[in-house]
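Okay, here's what each chain looks like letter by letter:
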Amino acid sequence: MPAKTQNNFIRRLINLRDSRNWSKTEVARKLGLSSMQRYANYEYGTNEPDLNMLKQIADLYDVTTDYLLGEDSASKWIAKKDTTDLKDFLAAHVDSMTYGGETLTEEERQQVRVAMAVIFWE
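Residues numbered from 1 in each chain as written. Predicted model: local features only at pLDDT ≥ 70, side-chain atom pairs only at ≥ 80, totals over all residues. Heavy atoms only, no water.

## Quick look at the overall build of the chain
Turning to step 1, where the next piece is worked out: Each helix and strand in the chain was counted, giving 7 helices and 2 strands.
Turning to step 2, where the next piece is worked out: Helices (α) and strands (β) of the chain occur, in sequence order from the N terminus, as α-α-α-α-α-α-β-β-α.
Turning to step 3, where the next piece is worked out: A burial count over the chain gives 29% of its 122 residues as buried.
Turning to step 4, where the next piece is worked out: Of the roughly 8,000 Å² that the chain leaves accessible, carbon and sulfur atoms contribute 51%. (Helix = DSSP H or I, 4+ residues; strand = E, 2+ residues; numbered from the N terminus. Buried < 20%, exposed > 50% of the residue type's maximum accessible area, 1.4 Å probe, protein only. Areas by Shrake-Rupley, 256 points an atom, 1.4 Å probe, with all protein chains shown as cover.)

## Remarks on the confidence of the model for the chain
Should pLDDT be low for a region, the predicted coordinates there are not to be read in detail.
Turning to step 1, where the next piece is worked out: This prediction gives the chain a mean pLDDT of 82; 82% of its residues lie at or above 70.
Turning to step 2, where the next piece is worked out: Of all secondary-structure elements in the chain, the lowest mean pLDDT belongs to helix H6 (residues 80-92), at 66, while helix H2 (residues 24-30) reaches the highest, 96. (pLDDT = per-residue confidence, 0-100.)

## Comments concerning the nonpolar core
Turning to step 1, where the next piece is worked out: Counting residues in hydrophobic clusters, the biggest one holds 19 residues, and the most contacted among them are Leu13, Tyr39, Ile57, Tyr61 and Leu68.
Turning to step 2, where the next piece is worked out: When contributions to this core are tallied by element, the ones reaching two or more residues are helix H1 (3-19), H2, helix H3 (36-44), helix H4 (51-61) and helix H5 (65-69).
Turning to step 3, where the next piece is worked out: With 5 residues, the top contributor of residues to this core is H4.
Turning to step 4, where the next piece is worked out: Not counting residues up to four positions away in its chain, the partners in contact with Ile57 are Leu13, Leu31, Tyr42, Pro49 and Leu68. (Core = buried A, V, L, I, M, F, W, Y, C linked by side-chain atoms within 4.5 Å. Contact = heavy atoms within 4.5 Å.)

## As for the pattern of salt bridges
Turning to step 1, where the next piece is worked out: According to the stated counting rule, one finds 4 salt bridges in the structure shown.
Turning to step 2, where the next piece is worked out: When the shortest N-O distance is used, the salt bridge between Asp18 and Arg17 registers 3.6 Å.
Turning to step 3, where the next piece is worked out: The partner of Lys55 in a salt bridge is Asp59, and the shortest N-O contact between them spans 2.8 Å. On the criterion of helical spacing, the pair formed by Lys55 and Asp59 is a turn pair, its members being 4 residues apart in helix H4.
Turning to step 4, where the next piece is worked out: In this structure Asp59 comes out as partly exposed when scored by relative accessible area, which is 47%.
Turning to step 5, where the next piece is worked out: Through salt bridges with shared partners, a single network forms among Arg17, Asp18 and Glu43. (Salt bridge = Lys/Arg side-chain N within 4 Å of Asp/Glu carboxyl O.)

## Comments concerning the packing of aromatic side chains
Turning to step 1, where the next piece is worked out: Considering all chains together, one arrives at 2 aromatic pairs under this definition.
Turning to step 2, where the next piece is worked out: Residues Tyr39 and Tyr42 carry aromatic rings whose centres are separated by 6.2 Å and whose planes lie at 80° to one another, so their mutual orientation is edge-to-face. Taken together, the positions of Tyr39 and Tyr42, both in helix H3 and 3 residues apart, correspond to about one turn of that helix. Across this residue pair, the class does not change: Tyr39 and Tyr42 are buried.
Turning to step 3, where the next piece is worked out: Arg20 extends its terminal NZ or CZ atom over the ring of Trp22, reaching a point 5.8 Å from the ring centre.
Turning to step 4, where the next piece is worked out: The ring centre of Trp22 lies 4.6 Å from the NZ or CZ of Lys30, which sits over that ring. (Phe/Tyr/Trp six-rings, centres within 6.5 Å; stacked < 30°, edge-to-face > 60°. Lys NZ or Arg CZ within 6 Å of the ring centre and 35° of its normal.)

## Brief notes about unusual backbone geometry
Turning to step 1, where the next piece is worked out: Positive phi, close to 55°, is recorded for Asn21, a residue that is not glycine.
Turning to step 2, where the next piece is worked out: Position of Asn21 relative to the elements: it lies in the loop between H1 and H2.
Turning to step 3, where the next piece is worked out: The phi torsion at Asp62 lies on the positive side, around 60°, for a residue other than glycine.
Turning to step 4, where the next piece is worked out: Along the chain, Asp62 falls in the loop between H4 and H5.

In C-alpha cells, the structure reads:
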C-alpha cells in the first residue's frame with residue numbers, strides 16, 4: 001500500500017473505531033480474529049489486511065473499501081446505507097414535510113431532495 005493510502009487507511013480505521021467507542025479487542029473479536037494484536041497491527045501500520053479482511057472491516061463499519069483506502073473523500077457517516085435511508089425517510093414522510101408551518105408542494109419537495117443530494121453527495 002502506498003504511504004499516503006496507508007496513512008489514510010490508518011487514520012480512518014482509528015476514527016471509525018473511536019467513533020463507536022470500541023476497543024481494539026472488541027474490533028478483533030467482531031472480525032473473528034484470534035488476537036487483538038493482529039487488528040492493532042493494521043492501525044499501527046505494521047501489517048496490512050488482505051482483501052478479504054479489508055472487506056470485512058468495511059462491512060463492520062458500514063463503509064466502502066474505497067473510503068477505508070482514502071479513495072473516497074465522502075465523510076465517514078456517508079455510506080451507501082445512509083443515502084438509501086435518507087431517500088426512504090423522505091419518501092415515507094413526504095406528506096409531513098413543512099417549512100415555517102406550510103406544507104411543501106411536490107415541486108418544493110423535489111427541490112429539497114435535489115438540494116440534499118447536491119450538498120451531501122455531489
